Amino acid sequence: MSNIRIVIVGAAGRMGRTLIRQVTQTEGCEVSGATEPAGSEFLGRDTGELAGIERLGVPITDDPLELIASANAVLDFTAPAAAVAHAALCAQARIVHVIGTTGFEAEHESAIAAAARHAIIIKAGNMSLGVNLLAQLTKQAAKLLDAAFDIEILEMHHRHKVDAPSGTALLLGEAAAQGRGVKLSDVSARGRDGITGARKSGDIGFAVLRGGGVVGEHRVFFAADDEIIELRHQASDRSIFARGAVAAAKWGQGKPRGLYSMMDVLGFSE
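Structural notes, computed from the coordinates. (Residues numbered from 1 in each chain as written. Predicted model: local features only at pLDDT ≥ 70, side-chain atom pairs only at ≥ 80, totals over all residues. Heavy atoms only, no water.)

1. Notes on the sheet that holds strand S1 (residues 4–9)
To keep it simple, the criterion reads: Strand pairing is assigned whenever DSSP detects at least two bridges linking the two strands. Runs of H or I in DSSP of at least four residues are treated as helices and runs of E of at least two as strands, each being numbered from the N terminus. By definition in these notes, contact holds between two residues if any of their heavy atoms fall within 4.5 Å. In this analysis an axis means a line fitted to C-alpha atoms, helices contributing only their contacting stretch, and an angle means the value between N-to-C directions, from 0 to 180 degrees.
The seven strands lie next to each other as S3-S2-S1-S4-S5-S6-S12, forming an open sheet whose pairing is parallel. At either end of the open sheet lies a strand with only one pairing partner, and these are strand S3 (60–61) and strand S12 (258–260). Relative to strand S6 (residues 120–123), strand S5 (residues 96–99) runs parallel, the two sharing four bridges. Across the sheet, Ile 99 pairs through a bridge with Lys 123, a residue of S6. Contacting S1, strand S4 (73–76), S5 and S6, helix H4 (residues 80–93) runs over the sheet at an angle of about 165 degrees to S5.

Written out as structure tokens, the structure reads:
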């Protein structure tokens, strides 16, 4: 059986380089292409050399069209607008598109859903097994604990992260909202500042910390008057996200076209 041919977009970023290393370490997979935006200083560089491993004979290019047309999967941890453009190309090629990008607006989500009519798109705010297990536990806890327990989500990331709350925090918020049988958009509380008044019962609160080189830390609190339950996940290396993304690319081979999540990949979907 031939290897799964994987294109990595945004290859020169921290996650891009981690993905390159992970693909080369995964049996049955190979890096068939890698891209960076036009004007990038990394164009023409060997993909493996860029990632700090042996040369792979795959140069960085700024044209994903030809690469995607001959690939089996694309790994995408870029930016919302770029991910939408890549989704359209994957739809044309009828291949797997794994999206770990966060910070999407409603119009981006609509475009990706449209592309999923022709591609196999696996999209998640976090590709980690541990985080997706945490989401399941959060959903279950929210379902079992009554309104006496206030739900608060705290996340911390490195100083370079550009979106907040993190995609993972929103994933956890969605899980909590599903457990409570409500829409997150109706109960989300963010950016408390000044005289805010008492906490509204039923809200799901978010708090954001940024600093240093923190890969990712997430905590979910269920706080009642006389007890607090805390669920926590801490990432110490980006390889956990890369492993999940490559596993998703493998899982997606041969699946029906559509929009999936890591819950599907891991068998957690109801």
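2. Things to note about the pairing of strand S11 (residues 228–235)
Across eight bridges, the pairing between strand S10 (residues 216–223) and S11 is antiparallel. Looking across to S11, one finds that Ala 223 is bridged to Ile 228. Between S10 and the antiparallel strand that follows it, S11, lie four residues.

3. Comments concerning helix H5 (residues 106–115)
Convention followed: Accessible area is worked out with a 1.4 Å probe on protein chains only. A residue is then buried under 20% of its type maximum, exposed over 50%, and partly exposed in between. Along the arc lie the directions from the helix axis toward the C-beta atoms.
For H5, the complete set of buried residues consists of His 108, Ile 112 and Ala 115. The arc that holds the buried residues of H5, viewed along the axis, is 55 degrees, so those residues lie on one side. Among the exposed residues of H5, those oriented more than 90 degrees off its buried face are Ala 106 and Glu 107. Where H5 is buried, its residues contact H4, S5, S6 and S12.

4. Considering the environment of Met 15
Mapped onto the secondary structure, Met 15 falls in helix H1 (residues 14–25). For Met 15, the residues in contact, after removing those within four places along its chain, are Phe 77, Arg 238, Phe 241 and Ala 242.

5. Quick notes on helix H7 (residues 167–180)
Short version of the rule: Every helix has an expected span of 1.5 Å times one less than the residues it contains.
Between its terminal C-alpha atoms H7 stretches 20 Å, which fits the 20 Å expected from 14 residues at 1.5 Å a residue. Within the sequence span of H7, burial applies to Gly 167, Thr 168, Ala 169, Leu 172, Gly 173, Ala 175, Ala 176, Ala 177 and Gly 179. Tucked into the core, H7 has its buried residues touching helix H6 (129–144), strand S7 (150–157), helix H8 (184–187), strand S9 (204–210) and S10. Gly 181, located one to two residues past H7, shows a positive phi value of around 75 degrees.

6. Here we look at the sheet that holds S11
Across the sheet, five strands lie side by side as S8-S9-S7-S10-S11; this open sheet has mixed pairing. Of all strands in the sheet, those with a lone pairing partner are strand S8 (188–189) and S11, marking the two edges. Bridge count between S7 and S9: seven bridges; the pairing is parallel. Residue pairing for S9: Met 156 is matched across the bridge by Leu 209. In the packing of H6 onto the sheet, contacts are made with S7, S10 and S11, and the angle to S11 comes to roughly 165 degrees.

7. Some points on the nonpolar core
Condition: As used in this record, nonpolar core signifies buried Ala, Val, Leu, Ile, Met, Phe, Trp, Tyr and Cys residues forming a set joined through side-chain atoms within 4.5 Å.
Residues Ile 6, Ile 8, Leu 19, Val 23, Leu 75, Val 98 and Ile 122 are the most contacted members of the largest nonpolar core, which totals 35 residues. The biggest single contributor to this core is helix H9 (residues 239–251), with six residues. Non-local contacts of Ile 6, meaning those with residues more than four positions away in its chain, are made with Val 23, Cys 29, Glu 30, Val 31, Ser 32, Gly 33, Ala 73, Leu 75 and Ala 249. Counting residues in hydrophobic clusters, the runner-up holds 22 residues, among them Ile 151, Ile 153, Leu 172 and Phe 222.

8. Topic: the pattern of salt bridges
As a reminder, the rule being used: A carboxyl oxygen of Asp or Glu within 4 Å of a side-chain nitrogen of Lys or Arg is what we treat as a salt bridge.
Under the criterion given, the structure shown has 12 salt bridges. Here Lys 123 and Glu 109 are joined by a salt bridge, their closest N and O atoms 3.2 Å apart. One end of the pair, Lys 123, is in strand S6; the other, Glu 109, is in helix H5, and 14 residues separate them in sequence. Residue classification places Lys 123 among the buried positions, given a relative accessible area of 19%. Looking at Glu 109, the relative accessible area reads 33%, which means it is partly exposed. Between Arg 199 and Glu 152 there is a salt bridge, with the nearest N and O atoms lying 2.7 Å from each other. Taken together, the residues Arg 199 in the loop between S8 and S9 and Glu 152 in strand S7 connect sequence positions 47 residues apart. On the accessibility criterion, Arg 199 (30% relative accessible area) is partly exposed.

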